[in-house]
Amino acid sequence: MRIGVMVCHCGNNIAATVDVEAVAAAAREFPDVVFATDHMYACSDPGQGTIEQTIRSLKLDGVVVASCSPRMHEVTFRRAVERAGLNRYMFEMANIREHVAWISLDRKRNTEKATDLVRMAVEKLRHNRPLTAKSFEVQKRVLIIGAGVAGIQAALDCAEGGLDVILVERRQSIGGVMSKLDKTFPTVDCSVCVLGPKMVDVGQHPRITLHALSEVEELSGYVGNFEVKVRKKAPFVDWTKCTGCGACLEKCPSRKVPDSHNEGICTTTAITIPFPQAIPKRAAIDPTVCLHFTKGKCGVCKKVCPADAIDYDMQDEIITEKVGAVIAATGLDLFDHRKCGEYGGGRYPDVITSLQYERMLSASGPTAGHIKRPSDGAEPKTVVFIACVGSRDRSVDRPYCSNFCCMYTAKQAILTRDHIPDSRAYVFYMDIRATGKGYEEFVRRAQEEYEVQYIRGRVAQIHPTTGPDGNQLMVRGADTLLGVQVEIRADLVVLAVGAESAHGAPALAEKLRISYDAYGFFLESHPKLRPVETNTVGVFLAGACQAPKDIPASVAQASAAAGKVLALLSKDKLESDPQIAQVQTIRCIGCGKCERTCPFGAIRMRELRDGSKRAEVVETVCQGCGICSVTCPVRAIQLAHFTDSQLLAEVNALCRTWDETTES
Amino acid sequence: MSGPALPKLTLAYYPGCSQTGTAAEYDRSSRACCAALGVELVDVPDWTCCGSTPAHTVDHFLAGALAARNLLQAELAGFDRVTTPCPSCLAALRTASHHLAEKAPAENGAPQDSGPNYRTEVERLLDRPAPLRASAVSVLQVLTEDVGLEAMTSAVTRPLTGLRVAPYYGCIMNRPPGLMQFDDPENPTAMDRVLTACGATVVDYPFKTECCGAAFGMPRLDIMQRLSARLLDMAASCGADAIVVACPLCQMNLDLRRGQVNAKAGTSHTMPVPYFTQLLGLALGLPESGLGLDKLVLPLGPALEAARAREDKRAALAQAELAARAARKNGAPANGNGPKENTPCA
């Protein structure tokens, strides 16, 4: 075998703390190595060119590059050796940047360790065999989970691109948080007026199948050929018959149900259509509050329904769909301010959340756009906004910035002054983060044109007080610019609650086999260069499920994810990874341990003619995790490209006897 | 006695210096309540200063050693848990346990030059190995968590019905939250729950953890007067008959110094400032002499009498109302106007 080695300087990243020339010199002495050199940037065009030329001129059988992490450039170098006529698996990479140069300043020991890693890579390569990928058909359909503005945008883009879209929404209507907003910053245009037409498009698009009131139960398969089980929860109304007329809502006697679309500031009925623009505009019964289900004695809606759509015996339904890719767009939930005792911990009715205030501002909200404080319905004359409630606060385990609260607070303060011209608006803030297009100008307008009083400091306490203007809330805080304590008598306090991952996000991530961070936000594959991909091929992210995002950013990421899916599914066939488990039937004793241990269901037992059983790997399902190969008691399963002999060769290269070490 | 059985619990007890002097009634009533609720208290043998304010403002290691000595005394007597009524002692003892539990710099990988190791330094000052396990809890925590409110409620024989109380926790009973690990640091409710179990009416007092200014009592009387006056004004506007406390310093400040506060603010607040253990003792039917009620500067008696009178009046009114309703029922039937239903939102 003829092996070539290239040791990369990575500018100064490696060369500063590793003697790369010495590593290359040492490599020349390794068995089968016929050529070793160092290069300033192995990944650069000249670097790759050198690799290709050397392969051709010296008739190399394999190449080792000692540089950065394989996560960074393995694909780059595999392509380079392939261009020079080698099999892409006749290449090995030694990570001497992340694993050596970046973690220690000790040049001598770094050089020794780098040499060891190169020795291991060479030994591995000596045992490598060419592997070939197989190709398989793909499903030109995409599953989109969550139908807020991100999911809606991704669905429309994918559908316009010619893919069939399965759109799954947990709630009764699509629209997400954006459908609850009154106006949007920085243009102060009506939220539902811009979202509504898109929602209608989703409802009418021939390529989009919408499953509302549904959740993903299970996802199996692999990129190009996923199979998803969706639980369609029983709405107890036959949606093929329901016309959305609303007759049932008028007659439903159960009227004390907190209205979740209106953030609990008013009540609704047990059978509901959440809001006038709902898509699908169909009624559904909440069985936890409906008198028919809780007391067993009402049936009014069934009597009044002109379409005979009510069906109390309806059951949840599980449907199965085949898709080629998945976009997670599950959005966010809001911080529960009851955790903050200093703001009353939910005890004071006139301390409300920003989204509750948004519903009050909305012309289609419960107060028809009139600002009324919850305790007595009076119009507040002094409104205090508190920013960063559950954001940038380590004491409640929310150290991150929620990204959009500064802006919606400025918008709500402007709207307050618009709705009640003789009112005063105060904003307690830490910093104003207004980095988007037109954002800083918008905050300036709030401060200058609308005379909103911005006070830099935190609020220490809110407590009820009585004054000349009746019952009010005393808001006590610090003005850190003036260095004084401030007390403001407020009629209404609006808490700019921060963003949290959608509840249930970690459980969904596990179903999708994608990673999530400590706060439940889904992890992208690379924060800068692969922001919409996940580490599970074929699963993409859009919107605030990845991190708190405002509407423009969510829509942008949704279109980006749709673009990625369209590119992926533009091919008729995809190549499978040959690094998968392989059964040596001769050795297999048919014990079935591998079948039980495989997390992907990629192993099944095949019966031979004599009735005995042998394991068999379903190549397209196997993810190459290697669990089966360590489980097998007779070593009958080997993971291609990570076989026992390859791994032991590496171990032997590293753990040489004392004699060998001193000799070299 | 019916209801849930009282726990059989023996704990080390650290009185603290205030409880031997200005707050003797806190000590007496704490012991009495614990005894009545099945918690046996064994004094930490030969206890000494906890290393609170005077020590820790000068030298953290010295303060730590003073606290550690008491924890060690308890540990040697066979106790892992030490209970104390005083929040200041509690903070000192818990701070020491907290630091003693920290790993040495060599173990946690921190640079070696990060100053002397706490345990090493404390052991040098003690000239003995520092305690390993012992930690402190407040009497309030023992009563709410070990005894439990259910057991407490069923042990109440003379409920304080009608007495309106403002629970005042002070600044350090629950803080810093990471150290104290008890109750909500912004809106604590442990004492509220104890007082509710006693049958009292707990007002929603927003200044539960506000500073009373006690620490400024000597150097800046004006600050103390302003801060204490706010607490009293708020309690009065909440309609409280008494401010109930769990800290000897707060108690002294709000009770003994009432004249100074009233003089500065031009007010005439007379509401008494009992310890929660004194009210609990009363509710448990313990003899008043054992609760040190006579040690309060502002007497509790008038508040109790006012509450009782108010309660009697309320009861009489309710009786009359009941009679009137019965009379009405026998006469013309009442008009069946049910409560209006909320209109659902559009």
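Everything numeric here is computed off the predicted structure, so don't read it as measured data.

Novice: Outline the overall build of chain B, supporting the account with residue identities and numerical values.
Specialist: Looking only at helices and strands, chain B features 15 helices and seven strands. Counting all 346 residues of chain B, 45% fall into the buried class. Sequence separation of 24 or more characterises 80% of the internal contacts of chain B that already satisfy a separation of 6 or more.

Novice: How would you sum up the packing of helix α1 (residues 24-36) of chain B against helix α14 (residues 276-283) of chain B? Please name residues and give values.
Specialist: All names here are of chain B. One can describe the packing of α1 onto α14 by two numbers: an axis separation of 8 Å at closest approach and a directional angle of 40°. Classed by the angle they form, the pair α1 and α14 counts as oblique. As α1 packs across α14, the resulting crossing turns out to be left-handed. Only T277, Q278, L280 and G281 of α14 make contact with α1, whose side of the interface consists of E25, Y26, S29, S30, A32 and C33. Grouping the amino acids of the contact of α1 with α14 by side-chain chemistry returns four nonpolar, five polar and one charged.

Novice: Talk me through helix α6 (residues 149-160) of chain A; I want residue IDs and the actual numbers.
Specialist: Residues and elements named next belong to chain A. When the terminal C-alpha atoms of α6 are compared, their 16 Å separation across 12 residues agrees well with the 16 Å that a helix rising 1.5 Å per residue should span. Among the 12 residues in α6, 11 count as buried, and that is most of the element. By the burial criterion, the buried members of α6 are V149, A150, G151, I152, Q153, A154, A155, L156, D157, C158 and A159. Each element contacted by the buried residues of α6 is listed here: β6 (141-145), β7 (164-168), α7 (191-204), β10 (208-211), β18 (325-328) and α15 (551-568). One or two steps after α6, the chain reaches G162, where phi turns positive at roughly 100°.

Novice: Quick one: what's the story with the domain arrangement of chain B, residue by residue and with numbers?
Specialist: All names here are of chain B. Under the domain assignment used here, chain B contains domain 1 (9-102 + 118-138) and domain 2 (158-307). Each of domain 1 and domain 2 has a C-alpha centre, and these two points are 24 Å apart. Opposite the 21 residues of domain 1 that make contact, domain 2 presents 23 residues. Of all the elements in the fold, those that place two or more residues in the side of domain 1 that touches domain 2 are α1 and α4 (87-101). Sort the elements by how many residues they give to the side of domain 1 that touches domain 2 and α1 lands first, with nine residues. A class-by-class count of the residues in the side of domain 1 that touches domain 2 yields nine nonpolar, nine polar and three charged.

Novice: Outline the pairing of strand β2 (residues 33-39) of chain A, supporting the account with residue identities and numerical values.
Specialist: Residue and element names in this part refer to chain A. Pairing of strand β1 (residues 3-8) with β2, which is carried by six bridges, proceeds in the parallel orientation. Counted as the bridge partner of M6 is T37 from β2. Between the parallel elements β1 and β2, the chain passes through helix α1 (residues 20-27) in a crossover that is right-handed.

Novice: Requested: an account of the interface of chain A and chain B, with residues and values cited.
Specialist: Across the boundary between the two partners, chain A contributes 15 residues, which contact 10 residues of chain B. Contributions of two or more residues to the side of chain A that touches chain B are made by β14 (267-268) and β24 (459-467) of chain A. When the residues that make up the side of chain A that touches chain B are grouped by side-chain class, the tally is four nonpolar, seven polar and four charged.

Novice: Could you give an account of the nonpolar core, with specific residues and numbers?
Specialist: Among the nonpolar cores identified, the biggest contains 143 residues, and A:A154, A:A155, A:V326, A:I327, A:F385, A:I386 and A:V493 are the most heavily contacted of them. Residues B:F61, B:A96, B:A214 and B:L300 belong to the second largest nonpolar core, which totals 97 residues.

Novice: I'd like a description of the sheet that holds strand β29 (residues 539-541) of chain A, backed by residues and values.
Specialist: Note: strands within a sheet are paired through backbone hydrogen bonds, in either parallel or antiparallel orientation. Residues and elements named next belong to chain A. Spatial strand order, β10-β7-β6-β18-β29: five strands in an open sheet with parallel pairing. Two strands close off the open sheet at either side, each with one partner strand: β10 and β29. On average, adjacent strands in this sheet sit at an angle of 20° to one another, irrespective of strand direction.

Novice: Any chance you could break down the environment of B:E288 for me, citing the residues and the numbers?
Specialist: Residues and elements named next belong to chain B. Here E288 lies in the loop between α14 and α15 (301-330). Residue E288 is classed as partly exposed on the basis of its C-beta count, with 13 C-beta atoms lying within 10 Å. With 13 residues separating them in the primary sequence, E288 and G301 have C-alpha atoms 11 Å apart.

Novice: Let's hear about the sheet that holds strand β23 (residues 453-456) of chain A: which residues, and what values?
Specialist: All names here are of chain A. Read across the open sheet, the five strands follow the order β20-β27-β21-β22-β23; overall the sheet is parallel. Edge positions in the sheet fall to β20 (351-353) and β23, since each has one partner strand and no second. Each adjacent strand pair in this sheet contributes to an overall mean axis angle of 25°, direction not counted. The sheet contact formed by strand β22 (residues 424-429) and β23 spans four bridges and is parallel. Bridged to V427 within β23 is Y454. Across the sheet, helix α12 (residues 405-419) is in contact with β21 (382-389), β22 and β27 (492-497); its angle to β21 comes to roughly 175°.

Novice: Describe the environment of A:E595, and please don't skip the residues or the numbers.
Specialist: Residues and elements named next belong to chain A. Its place among the elements puts E595 in helix α16 (residues 593-597). Residue class for E595 comes out partly exposed when judged on the 18 C-beta atoms lying within 10 Å of it. Considering only alpha carbons, one finds E595 and E440, 155 residues apart in sequence, at a separation of 59 Å. Ignoring anything within four residues of it in the chain, the contact list for E595 reads I603, R604, M605 and A615.

How each quantity is defined
Residues numbered from 1 in each chain as written. Chains lettered and ligands numbered in written order. Predicted model: local features only at pLDDT ≥ 70, side-chain atom pairs only at ≥ 80, totals over all residues. Helix = DSSP H or I, 4+ residues; strand = E, 2+ residues; numbered from the N terminus. Buried ≥ 20, exposed ≤ 12 C-beta atoms within 10 Å, placed from the backbone. Contact = placed C-beta atoms within 7 Å. Axes fitted to C-alpha atoms, helices over the stretch in contact; angles between N-to-C directions. Parallel < 35°, antiparallel > 145°, perpendicular 65-115°, else oblique. Left-handed = near helix turned anticlockwise from the far one by under 90°. Nonpolar A, V, L, I, M, F, W, Y, C, P; charged D, E, K, R; others polar. Expected span 1.5 Å × (residues − 1). Domains from an automatic or database assignment. Pairing = 2+ DSSP bridges. Right-handed = clockwise from strand over helix to strand, strands pointing away. Core = buried A, V, L, I, M, F, W, Y, C linked by C-beta atoms within 7 Å.

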